[in-house]
Each structure stands twice: as C-alpha cells, then as structure tokens.
Amino acid sequence: MVTIEIDGQKLEAESGAMLIEVADKAGIYIPRFCYHEKLSIAANCRMCLVEVEKAPKPLPACATPVMEGMTVHTKSPKALAAQRGTMEFLLINHPLDCPICDQGGECDLQETAMGYGGDSSEYTDAKRVVKDKNLGSLISTDMTRCIHCTRCVRFGQEIAGIMELGATGRGEHMEIGTYVEKSIDSELSGNMIDLCPVGALTSKPFRYTSRPWELSATETIAPHDCLGSNIVLHNRFDKIKRALPRDNEDINECWISDRDRFSYQGLSNDRLLQPMIKERGVWQEVDWETALTKVAQSFDTIREQHGANQIGALLSPSSTLEESFLLQKLVRDLGSSNVDHRMRQLDFSADDTAPVYPSLGIKIRELDQLDAALLVGSNIRKEQPIAGHRLRKAALAGAKVSLVNGLDYELSFSAAETIIVSPSCYASELAGIAKALLEKGASAPGGIANLVNGVTVSQPQRTIAQQLSDGDKSAVILGTQLLHHHDYATIRALAIAIAKMSHSSLGALTDGANSSGAWLAGAVPHRVVDGVAASRVGLNTQQMLTQGLRSYILLGIEPEFDVINAQQAISALSHAELTVMLSAYVSDTMREYADVLLPIGAFSETSGTFVNIEGNWQSFTGSVPPPGEARPAWKVLRVLGNLCQVEGFDYTSSEEVRDEVARMTTDSPDLLGGWRCPAELKTGGGEVYTVSDVPMYAVDAIVRRASALQNTVDAKNTQAASMNSRCAEKHGLTDANQVRLSASGVEISLPLRINERVADNCVYVPAAVSATMMYDFSQQAVQIQR
Amino acid sequence: MSEQRSMLSEPVIREIEKWIKRYPPEKKCSAVIPALHAVQRDNGGWLTTELMDAVADYLGMARIAVYEVGTFYSMFVHEPTGRHKINVCTNVSCMLCGSDEIVAHLQRRLGIKLGETTADNKFTLREVECLAACGGAPMMQVDRAYYENLTPEKIDEILDGMME
C-alpha cells in the first residue's frame, strides 16, 4: 500500500494501481474516453491528463501507476489546460452533428466537451469524413464521429474473444472497421454500443426512435437464460424502446448478451390482445369473465366426467416463480398432479434422486476462478453467453476447460481436451473418465467400480480425469443439451461419480430463466414446494403428451417450438376436449389446437421473480402495462383459482405469492440429490444419431419474434442440417443440397451443409426453428435419405 | 483453411517458418511483418486481402489484426506497383528542408503524379509519412535503400543509375 494525495485528499492505494482507479474509488472524477475498468489500458485518448507534482508534464491518469508520496491535481490550471487542449484536438475531426446523432443526451464526448472543453477552436481546416460500415443488423455506424479510443477493438480481443473490429491505416487515415465487408457476429457485440463513448457505434434497432431523456427506466431481469442478467428497460408511451445492462459483479458484470439486449423487439409482434374462445370451430373475442368462467366450468365438467387426473398443466421454464407456484397450486387443488415445466426433457428416471432444484454447484462469479472444468452437452458460449464469457476468463487465466459434445462448437477460448462423439457415446466417454479416476485410486460411489469395469480408458479421458483432480477448484457442468438427453439419468449419475472422485463441484445449465424457481415452486409432477415429495405423483411432460389427456392448461409456451416432440404435442392438444393457453402471443398454429386463449403479459409487463442457476431470487416489477386486455399471468391464475373455488387464492400482489413460497422454503436446500448407480451402460449401435441444440435466437417466443436478432448470421445459419464429409459420403450425399431425415415416421427435408465439426455418424439438426418444427427430436436414431 | 494455405508458395512458407522459429511457439504472430514482406515480394510487390488472410490463417491470427499491420506500415502496398517503389517523405522536417521541390522534380522527371506508376511499369511514386531520417532531410526511399540530403541533381543521378 502507498499513500498518495489527490486534490488535497489523502488516499491509501494498492501499489501498482493506476491513478484513475484510485481516483474513481475515492469518487474523484477524471474525464476519460479510452479507459474502461474492464479493458486493457490503451492510454491513447489523452483525456485523463492530470498534474503530478515533480513531473515536468501532465501525465495520463489511466497509465500512471501510483507511487508513495505522489501529489496529484486533477483540477489545477495545468491539468485543466491539458484537458482542454486534448478536447480541442479530439474535436478537430469530430462532426458537430449532435442534433441528428443518436448518442445525443448520453454522449461522453458531448458531456466532457461541456465540462472540460473550451468554447472555440483554433482549427479552421476541413474535417475528415470516414465512410460508414455495414456491421450487420445490430450495430449502426457513423464512423466520422469515431475518436479512436479503441474500446470496441479491445472489447473484441479481450472480452468477446473474437477480434472483429480493428484500426486500419495510420495517422490521419486511421479507421476503425472490419476492413472487408463483414458483419459483427459476436454474441456479446451489443456491448460495444455501450462502450462507444461517442455516436460512432449505436444500436440499429433503437436508432432514431427516441431521445434518452424521453425514456423512463425500470430495473428488471433478463428472461432468456438461467443466469438472470440484470438489465434496465427503457420505455416511452408504454412501449419498450431498448434494454441495457445493469452492473452486477456477481452475475453479468457490466455486460449483457445480444439476446438480452435486442429481444425486446419481439414484444410488439403477434401479441394476443383479447381473451378468445373457440365455439364450434369459430374463434370469438370475449371478455375476461366469460373466458375464465368457461375455463372453470369446463374443468369442473372434466373432473366430474373423467376425473381430475385428466387435467394437465405445462408451463415454460421462463415463467416466474409466482406463476409457476400458482399454476401447480391450482392444478393440485383441482385434484391433479400433472404439472411440469421441463418441455424438452426425455428421461425422467432420476426424478426421485434429483436435488431440490438444479444449480450450477458454484456461484456464477466462481466460474472465473476455476482451475479445471468439464462441460458435457453444452454450447455454453451461445446458450448462456455470460457464463461462456466467465469460463473464457478462467481459461485465459490458465484453467483447463474440456468438453464432451456432439458438435465441436466454436469457442471463445482454447479448450484443453475436446471429445467430439455421438450423443449415444456420452455415457461411455464419462465412464472412461470415471474409470481413469478409479485407477488413480479415488473412492467411487457405490456400484460405479462394477459399472465401468469393462471400459478401456482413452488418453483424452485420462487427461480430463487428471485435470479435474489436479484442480483446486474444478467443476463438472452438465449443459442444457444434456438435460434433453435420452440417457440423462445415467449420464448424470456418471457425472456425480466423476465430481465426487475428483473433488469437483457438479452443476447444470438449465433451460429458460427460471427452471430452478419452477422446481422450487413445485412445478414438477413428483414434488411440491421446496422439493417435498408430492403425496400424489402426477404425469411428466412426456407422459401427459403421449398418453393424451382430456384437458390441458398451458402457460407461456408455444408447443410447436418449445416441446421436444412438437408433432405429438400438437396432436395431443388438438384431441383434447379443452386446451387453455395463457399466452402473450397468438399464431395460426395455436388457433388450430387451442380452445381458449387468455392473453398474458410478457416478462416486461408483470411483476415476478426469477430464481437463477445459483439459487439467487431476483424480483422485478413490470415496466409497462400489458397491451390490450392482456393481464399479468399471476392475476389470471388467481382469478381462475377463485372461479374454480379453490382455497387460498386471495393474493393481492405477486409479492404476497413470492413471500408465501419463501416461507415454505428452507435456507439450505439439498442441492446434491441422492445417489443411485445406473444398472447398465448403453452404447449406441451403428445408426446415425441426431445432435441437436436450441439455437441462441430460438429459445423462446420473444426471441423468435425479435427481428434484428433473426437477421443475424447466427439466426440465419440455423435453418439447415449438417454432417461431416465422411457421413455424407457414406450416405451418398457428398454433392447434395438437401437431405431428408425421418424419425418415428415423420420425414422432413432440410438444406444440407457439410461441417467437419459434427461428430462421426451424426447429423446436426437445430431445434425450435420453423424448418424443423415437425421433426421428432425425442427419437435419437434417424434415417437419412437423399 | 487448406485452400487458403496453398495461396502461399513453398519458398514463402519456408521463409515464414524461418521467422516463426525465432519467437516462442505461442507468439507466432510476432512473425507477421516478415511474413507480409515475404508474401508481398513473392506477389510482385503488393498485397491482396486474400494473401493477408492466408498469412492470418497461417499464423493463427485474427484476419483484422493482419489488416491492421498491413495497412499501418507504408512499406506494405495494396495495389499493383511498378518494379521500383519510390517513397518520398513530406513530413515536417523534410517539408521544411524542401521536399516540395523534391516531389515536383520527381514528378517532372518521371512524368507521373504522386500515387501513380510510370507507363513502362518501372517506377511507382508515393508520398509517405516520416521514415525516421529527419537528420538527412529531405529524403526518399527507393525500394529498401534510403537516400538523404536530396537535391534535384542527386535524384537525377540516382534515377540514371537505375535506368540500365
């Protein structure tokens, strides 16, 4: 520690810290453009010049390390003159187009010019003009405004992990850009808009739609992944205009994914605005009372005629804690236990040994500090971009991150080991790692030694085992795709064994924003609130849809995209006597299988709580009222509860619901779950298997309607199947543009791409997109034809 | 990638490999400047985007990072050039010592303007930023050689020497 003095204030500072950091901590503001606490130091804008006693010239505060006894003046005549001089230089080439610039009102340059600049310039020559670039559908450019701080360039190199922007040319001819015509494709690219201190990089969807001072802000939680990034929504005239990150060092730092930033566009398309009832095949708009009375009466009839177990409830893993709780309470009070939020899960055989709720096993911020990690069935970079970013930080600091996947996803860091195999081999790969740990003398949970007895250990498996047990902080993480695996229970058990034997934490990355909350709230058929075993075990998603119930109530899902076997879901829903949908959206497909449509508010239009993957309860309020006659879902469920005459549905606020759940939950729930050794290790035969994931911009109804996101390269790349050239050759598809895939009697035809990153004997098929809507993702083996 | 790599000729790859060996294995990108020189020489004195891409892929660098280097230094050229490149400095020191007259004489003598190439494809005349030879201003660089304290006579002498 050293003692320094800034503007007469005595300060203790870490030796080696830069002046600007120390000043920031003490609340002394020094103007800056290129400095950013999350980026490396460039010291190229010179705006932070300050006077340091005994130094002959002003020094840049961002690149001057503190030294014992240093006396600094940030507002002395010498410092102010230096800052004014820098400002004059910066404005030489900057256009005076503030009135038409989108950054106006929240522009660092504008504000700094007001605070630290002079009132005139000695420069009278022409300003330079730089041609704008087309960087894709998310970022708009006005490169003449660029002041070359290089924050965007450093962001790409250091945070996003792919360098897409650079500074080409030199001196007067230097330009920030891509040099060749190319879009910016990072899943975190929108953060460059926030980082840009001027109006050079602005949001393309937001452009020219509002001035920042016209917007009102509401703090909320992003609804598209299990991290729960903290965001702020800006609205004007009850319409969401944009989403920005909110600092939370424990979750998203100061970043958010493009999905969280641009999804708000999807809030204004295809909205369901009025309760609707289908009478003899004809849709009618009705008032709430009529609609809800009809639902309550129909449930009564079904209960009387066929029994309460003919009612099934399916809800989105992104429904709030309150919604999940109320729906399961309603259904259970009606006498049914058929409730589930796991729309893409296939293997439920480990339900009884599952922890109270799925969790990451460590805190999100601890991802950065891992020494070793094993990810199975995960495209973490696209599925949970912020978790991907944190894992990248660990990898850059030397962590050994290994993966077992069916597709060699492009990572933003280099992996230690990558095992690319058919999903049918995941279990045997993990068995190999477990065996390697056993051979090192680790004590295995009961039955594992027997199970992996016949397994031969490969070199990569041995390396991964070694890395996990060498690491002080190591983690085994089951990716979202793994939760949808046929053999989930076996793979999970092997992962538990590996974690125990290597002293690693075990965690999962779940679907939606509130899967953990849905488990906690009892939105699973075998457990009520806080993981307490249900007295009556109901049907899970797959059972409800394969058995075919008389009635269904759906909350926040579009079955044609969100359920793993859409065709079966649609068929079950169409055959039911009553299908009630609480939905923010309406589509032609919904009109076909639904009988009652009840309009609800999206995440931005309701208060509620998301429980993220580290078990953090994050409550939020609605930003804007729901459109038309739509109402927050918790209110709809409450009124429906009253009309169904079930007890205890007199909540007056969502907070009351949340507090009730909170009172029922314990402080330290069991997050490990029980142990049961799998009976056998299944290995795949010679068939071709499907490798599948839900692409980043297809995860939920909001994102699927967000037009700018749908125009990104990532979204456009998801309408095709792919396989490697060996697989293509084997099936005579080397020169084919199309491929026909059939599973369980349903055939779809898709454009074919050759991609050497796909595992041998596998075909990659993206889920939750229109091209593959009818494909049966619940079948593992697939027939391929030209 | 394999397609890209084939854009680099065998001798160029040998040359790049020679440079890569001088740096630690994880710092292959340090070889980018000599690699671009080798590629440019092999391609008749100028670089294309495709060639820069090939260098980037070969060295495992982001393509834009190679474009940055390739466009920063005036010794890298991005359009076809004459056999000899004449780079004349017009920065402050040279300007104060008469580079305007040097440029005028070169243009007259070669019959081309700055940025142009002679009809026989022999000379390209370029204006460049400071080449760090202010002590000998005005100066110019012809291919890899520096010529300092220039006068019109001295230029004639140099060019005459290159006419054969």
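See the structure above.
Analysis parameters
Residues numbered from 1 in each chain as written. Chains lettered and ligands numbered in written order. Predicted model: local features only at pLDDT ≥ 70, side-chain atom pairs only at ≥ 80, totals over all residues. Heavy atoms only, no water. Helix = DSSP H or I, 4+ residues; strand = E, 2+ residues; numbered from the N terminus. Rg over C-alpha atoms; globule rule 2.2 N^0.38 Å. Buried < 20%, exposed > 50% of the residue type's maximum accessible area, 1.4 Å probe, protein only. Lys, Arg positive; Asp, Glu negative; His and termini not counted. Charge placed at Lys NZ, Arg CZ, Asp CG, Glu CD. Salt bridge = Lys/Arg side-chain N within 4 Å of Asp/Glu carboxyl O. Patch = residues over 30% accessible without salt bridge, like charges linked within 9 Å, V, L, I, M, F, W, Y side chains within 5 Å. Areas by Shrake-Rupley, 256 points an atom, 1.4 Å probe, with all protein chains shown as cover. Pairing = 2+ DSSP bridges. Contact = heavy atoms within 4.5 Å. Axes fitted to C-alpha atoms, helices over the stretch in contact; angles between N-to-C directions. Core = buried A, V, L, I, M, F, W, Y, C linked by side-chain atoms within 4.5 Å. Parallel < 35°, antiparallel > 145°, perpendicular 65-115°, else oblique. Left-handed = near helix turned anticlockwise from the far one by under 90°. Nonpolar A, V, L, I, M, F, W, Y, C, P; charged D, E, K, R; others polar. Buried area = accessible area lost by both parts, 1.4 Å probe.

### Quick look at the overall build of chain A
Working step 1: Scanning chain A for helices and strands turns up 26 helices and 32 strands.
Working step 2: Taken over the C-alpha trace, chain A has a radius of gyration of 28 Å; the compact-globule value for 786 residues is 28 Å, and the two agree within 12%.
Working step 3: Counting only C-alpha atoms and orienting by the principal axes, one finds that chain A spans roughly 90 × 65 × 60 Å.
Working step 4: Per-residue burial over chain A gives 62% buried out of 786 residues.
Working step 5: For chain A, the distance from the average position of its 72 positive side-chain charges to the average position of its 96 negative side-chain charges is 3 Å.

### With respect to the pattern of salt bridges
Residue and element names in this part refer to chain A.
Working step 1: In this structure the tally under the stated criterion is 47 salt bridges over all chains.
Working step 2: Here Asp487 and Lys682 are joined by a salt bridge, their closest N and O atoms 3.4 Å apart. Of this pair, Asp487 sits in the loop between α14 (480-483) and α15 (488-501) while Lys682 sits in the loop between α22 (654-664) and β27 (688-693), placing them 195 residues apart in sequence.
Working step 3: In the salt-bridge network here, residues are joined through shared partners; they are Lys38, Glu249, Glu253, Asp368, Arg390 and Lys393.

### Some points on a positive patch on the surface
Working step 1: Together, Lys18(B), Arg22(B), Arg41(B) and Arg144(B) make up a positively charged patch on the protein surface.
Working step 2: Take Arg144(B): it is sitting in the loop between β3 (140-142) and β4 (145-147).

### Overview of the environment of Asn453(A)
All names here are of chain A.
Working step 1: Along the chain, Asn453 turns up in the loop between α12 (448-451) and α13 (459-470).
Working step 2: By relative accessible area, Asn453 is classed as exposed at 52%.
Working step 3: Note: C-alpha distance between Asn453 and Ile231 (222 residues apart in sequence) is 50 Å.

### Here's the deal with the pairing of strand β3 (residues 49-52) of chain A
All names here are of chain A.
Working step 1: Here β3 shows a buried face lined by Leu49 and Glu51 and a second buried face lined by Val50 and Val52.
Working step 2: In terms of strand pairing, β3 meets strand β4 (residues 59-60) through two bridges, oriented antiparallel. Within the sheet, the bridge partner assigned to Leu49 lies in β4 and is Pro60.
Working step 3: Joining the antiparallel neighbours β3 and β4 is a turn of six residues, in which Lys54 adopts a positive phi near 75°.
Working step 4: The pairing of β3 with strand β5 (residues 71-73) spans two bridges and is antiparallel. By the bridge assignment, Glu51 is partnered in β5 with His73.

### Quick word on the sheet that holds strand β14 (residues 282-285) of chain A
The strands that make up a sheet are held in pairs by hydrogen bonds between backbone atoms, and each pair lies either parallel or antiparallel.
Residue and element names in this part refer to chain A.
Working step 1: As summarised here, the arrangement of the seven strands in space is β14-β13-β24-β23-β22-β15-β16, forming an open sheet in which the pairing is mixed. Looking at strand neighbours, the two that pair on one side only are β14 and β16 (339-340), the edges of this open sheet.
Working step 2: Bridge count for strand β13 (residues 276-279) against strand β24 (residues 596-599) is two bridges, and the pairing is antiparallel. In the strand pairing of β24, Ile277 is matched with Val596.
Working step 3: Packed onto the sheet, helix α7 (residues 288-306) meets β13, β15 (311-315), β22 (551-555), β23 (578-583) and β24 and runs at close to 135° relative to β24.

### Here we look at the nonpolar core
Considering soluble globular proteins, one finds that nonpolar side chains tend to be buried as a cluster.
Working step 1: Core analysis: the biggest nonpolar cluster contains 98 residues, and Phe33(A), Phe155(A), Leu201(A), Leu391(A), Leu8(B), Leu36(B) and Leu59(B) have the highest contact counts within it.
Working step 2: Of the residues forming this core, the biggest block, seven residues, is contributed by helix α4 (residues 49-59) of chain B.
Working step 3: Residue contacts for Leu8(B): discarding those within four places in its chain leaves Ile13(B), Ile16(B), Val39(B), Ala54(B), Val55(B) and Tyr58(B).
Working step 4: Ranked by size, the runner-up nonpolar core spans 71 residues in total, among them Ala291(A), Val580(A), Leu582(A) and Ala584(A).

### A short note on the packing of helix α2 (residues 10-20) of chain B against helix α3 (residues 32-42) of chain B
The packing of two helices is summarised by the inter-axis angle and the distance between the axes.
All names here are of chain B.
Working step 1: Packing of α2 against α3 leaves a shortest axis separation of 9 Å and a crossing angle of 165°. Considering their axes alone, α2 and α3 lie roughly antiparallel with respect to each other. Along this stretch, α2 crosses α3, giving a crossing that reads as right-handed. Only Pro34, Ala35, Ala38, Val39 and Asp42 of α3 make contact with α2, whose side of the interface consists of Val12, Glu15, Ile16 and Trp19.
Working step 2: Counted by class, the contact of α2 with α3 contains seven nonpolar, no polar and two charged residues.

### Some words on the interface of chain A and chain B
Working step 1: Counting from both sides, the interface comprises 13 residues of chain A and, opposite them, 14 residues of chain B.
Working step 2: When chain A packs against chain B, close to 1000 Å² is buried across both sides, 63% of that on carbon and sulfur atoms.
Working step 3: The three residues of chain A that bury the most area against chain B are Met163(A), Arg170(A) and Tyr179(A), which together make up 60% of that side's buried surface.
Working step 4: Ranked by residues supplied to the side of chain A that touches chain B, first place goes to strand β7 (residues 166-168) of chain A with three residues.
Working step 5: Residues that form the side of chain A that touches chain B fall into these classes: six nonpolar, five polar and two charged.

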